[in-house]
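The chain contents come next:
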Amino acid sequence: MCYGLICDHYSSPHHPWLGVKSDVLQTRVFNESHTGKNIGVLLKEACVNWDIADKEPVLVTDNARNMILAGVEAEMAPHLPCFAHTLNLASQKAFQVDTAARLLGKVRKVVGFLHRNIRGAEILREKQQQLASPSHKLIHDVPTRWNSSLDMLERFLEQQPAVFATLLSRELRKGEEMNTRKENDICNAEDIVKVMSPFKAVTTIMCEDEQPTISMTAPLRSKLLKHFEASDEDTSLMTEMKKAFKNDAEKRYTHLHDLLYTASALDPRFKTLPFLSNHDAEKIFTNMAAEAAVLYNEEAETTNNQGHPVQADPVWTNPAQRNGAHGDQDNNIVSPPDPG
C-alpha cells in the first residue's frame, strides 16, 4: 500500500526570524499509478481542500519525470527541483566515469567482505589497535543516500593501512583474493575525494530545515560550477569527473535563474550578487524595483478604494530617480538626541 504525503513549509510574515515551520497537510492512501497526471490531481485537490490555491504555493519535488509532469498538471508555479537532489544527480554522473566506477567497485567489494566476515572484522579491529588507527567501522555506500560513496572512500583512505594488513593476514581465508588494488588506486581515491568534497559541503548546507535555503541556491551553484572548471593541475581522472559533473549541473535551473537571483538579492548575505557580472546584477535590481513599484501601486489603489489614502514616499524604479528627489540619503540620517 502506498501513501501520498504533502507537507507545507512556511514562515510567518509577522515573525520571519522564527525560521521555517513545517506541517503535514495530508497523508492519504495513494494506490493509483504514480503518473504525473495522477500526482498532479492529488496536489491540486490538496490545494483546494486546504484553501491555499490562491496563495500561489511553490512546489518543491525531486527531479523525477513524473514529478515534473505533476507540477504541470497541478498548474503550480514556480516548480523548484530540490537543489540537494539535483546535485546528487550530477555527482552520480561524476562517479560513473570509468576509472572512478571501477575503483568504487573494488572498495565496495572489500567493505562488503569485511562486513560479512566476522573473523575479518575482528582482525580489522586488531590491526587498527596495532597501527594506532581510529577504531572506525568501514562505510558501505548506498545509492539512495547522498554523499555515501564519498563517505565510503574517505573512511577507506583513513583505514587503508589496517584494511590491507587485514587482507594479507594468514588468519583470514580469501583475504588475498580481495586484495586486487593497483599502484594508482590510492592516488585515484585521493583525487576523487579532492574533487567531490565541496559537493558534500554544499549538500550538507542545503539540508538545513529551520531556515529558508532558496537564496543560497544560486551562489552555491555558481561556486560549485567554478570549482568544477578544468585546471592545469588536474589529473586525467579529475578532469573527466569535473566535466561529467559540470555538464549535468549546467543544464539544471536554466529557466529559474531570475527567481533564484532575486531570492539571493533579498538575502543580506548575497544582496550585491557578487557571483554575477555587473550587467546581470543590475538587470535583476531593475526588475526587482519595477516589481516593487507595481506592488506598491496595487496596495495604494486598494487602500484608496477603502477610503484610507496612503501617505508615503513614492517607489522609484531606479536609484537615479531616488537620488534626484532626495539627494544623498546617507547624509540625511538624523541621530537620536543625547539623553544626557
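Below: a short report on this structure. (Residues numbered from 1 in each chain as written. Predicted model: local features only at pLDDT ≥ 70, side-chain atom pairs only at ≥ 80, totals over all residues. Heavy atoms only, no water.)

For the rest of this paragraph, the subject is the overall build of the protein chain. Along its length, the protein chain carries 13 helices and 4 strands. Among the 340 residues that make up the protein chain, the fraction classed as buried is 37%. Expressed as a percentage of contacts within the protein chain between residues at least 6 apart in sequence, the contacts between residues at least 24 apart total 61%. When the accessible surface of the protein chain is summed, it comes to about 21,300 Å², and 53% of that surface belongs to carbon and sulfur atoms. (Helix = DSSP H or I, 4+ residues; strand = E, 2+ residues; numbered from the N terminus. Buried < 20%, exposed > 50% of the residue type's maximum accessible area, 1.4 Å probe, protein only. Contact = heavy atoms within 4.5 Å. Areas by Shrake-Rupley, 256 points an atom, 1.4 Å probe, with all protein chains shown as cover.)

Time to look at the nonpolar core. Nonpolar side chains in soluble globular proteins generally cluster together in the buried interior. By size, the foremost hydrophobic cluster in this structure holds 60 residues, and its most contacted members are L114, V163, I192, M196, M241 and F245. Those residues in contact with M196 that lie beyond four places of it in its chain are S91, A94, F95, L150, F228, M241 and F245. Within the second largest apolar cluster, 14 residues are counted, among which are I6, L25, F30 and M76. (Core = buried A, V, L, I, M, F, W, Y, C linked by side-chain atoms within 4.5 Å.)

Let's shift gears to the packing of aromatic side chains. Inspection of every chain in the model, using the stated rule, returns 5 aromatic pairs. Geometrically, the ring pair formed by F156 and F164 is edge-to-face, given 5.9 Å between the ring centres and 90° between the ring planes. When its relative accessible area of 6% is taken as the criterion, F156 is described as buried. Their ring planes at 50° and their centres at 5.9 Å tell us that Y261 and F275 sit as a pair that is tilted. Taken together, the residues span a long stretch of sequence, with Y261 in helix α11 (residues 257-265) and F275 in the loop between α11 and α12 (278-305) at a distance of 14 residues. Overall, Y261 belongs to the buried group, its relative accessible area being 16%. An aromatic cluster is defined as three or more aromatic residues linked by ring pairs; in this entry it consists of F199, F228 and F245. (Phe/Tyr/Trp six-rings, centres within 6.5 Å; stacked < 30°, edge-to-face > 60°.)

What follows deals with the side chain of N147. The residue N147 is located in the loop between α5 (118-130) and α6 (148-167) in this model. With relative accessibility at 11%, the residue N147 sits in the buried group. For N147, the contacting residues outside a window of four places in its chain are F199, K200, T203 and T204.

What follows is about the pattern of salt bridges. A complete count under the given rule lists 17 salt bridges for this structure. A salt bridge links R28 to E45; its shortest N-O distance comes to 3.9 Å. Separated by 17 residues along the polypeptide, R28 in strand β2 (residues 21-29) and E45 in helix α1 (residues 36-49) bring together distant segments of the chain. The partly exposed category is assigned to E45, whose relative accessible area is 41%. Notably, a salt bridge pairs D185 with K106, separated by 3.1 Å at the nearest N-O pair. In this pair, D185 is assigned in helix α8 (residues 185-206) and K106 in helix α4 (residues 98-116), connecting sequence segments 79 residues apart. You can call D185 buried: its relative accessible area is 10%. Of the residues examined, K106 reaches a relative accessible area of 25% and is grouped as partly exposed. Salt bridges linked by common partners bring R119, E122, E126 and E171 together as one network. (Salt bridge = Lys/Arg side-chain N within 4 Å of Asp/Glu carboxyl O.)

Glancing now at the environment of T217. Position of T217 among the secondary structure elements: in helix α9 (residues 214-227). Judged by relative accessible area, T217 falls into the buried class, the value being 5%. Ignoring any residue separated from it by four or fewer positions in sequence, one finds T217 in contact with F83, M206 and L260.

With that settled, the discussion passes to α8. The α-helix winds at 3.6 residues per turn, so residues separated by three or four positions along the chain end up facing the same way. Here α8 is 22 residues long and its end C-alpha atoms lie 31 Å apart, about the 32 Å a rise of 1.5 Å per residue gives. Residue M196 marks the point of greatest curvature in α8, where the axis turns by about 40°; the proline P198 follows within four residues. (Expected span 1.5 Å × (residues − 1). Bend = angle between axes of the 7 residues up to and from the residue.)

With respect to the element layout, A77 can be found in the loop between α2 (65-74) and β4 (79-81). Placed 21 residues apart in sequence, A77 and E56 show a C-alpha to C-alpha distance of 7.3 Å.

Looking now at helix α3 (residues 83-95). Helix length check: α3 (13 residues) gives 18 Å between terminal C-alpha atoms against 18 Å at 1.5 Å per residue, within 8%. Along α3, the residues that are buried comprise F83, A84, H85, T86, L87, N88, A90, S91, A94 and F95. Buried-residue contacts for α3 involve β4, α4, α6, α8, α9 and α10 (236-250).

Before going further, it helps to spend a moment on the packing of α6 against α8. It is the contact of α6 with α8, at a shortest axis distance of 8 Å, that shows an interaxial angle of 150°. Between α6 and α8 the crossing geometry is left-handed. Of the residues in α8, those touching α6 at L150, D151, L153, E154, F156, L157, Q160 and F164 are I186, A189, E190, I192, V193, M196, S197 and K200. Residue composition of the contact of α6 with α8, grouped by class: 10 nonpolar, 2 polar and 4 charged. (Axes fitted to C-alpha atoms, helices over the stretch in contact; angles between N-to-C directions. Left-handed = near helix turned anticlockwise from the far one by under 90°. Nonpolar A, V, L, I, M, F, W, Y, C, P; charged D, E, K, R; others polar.)

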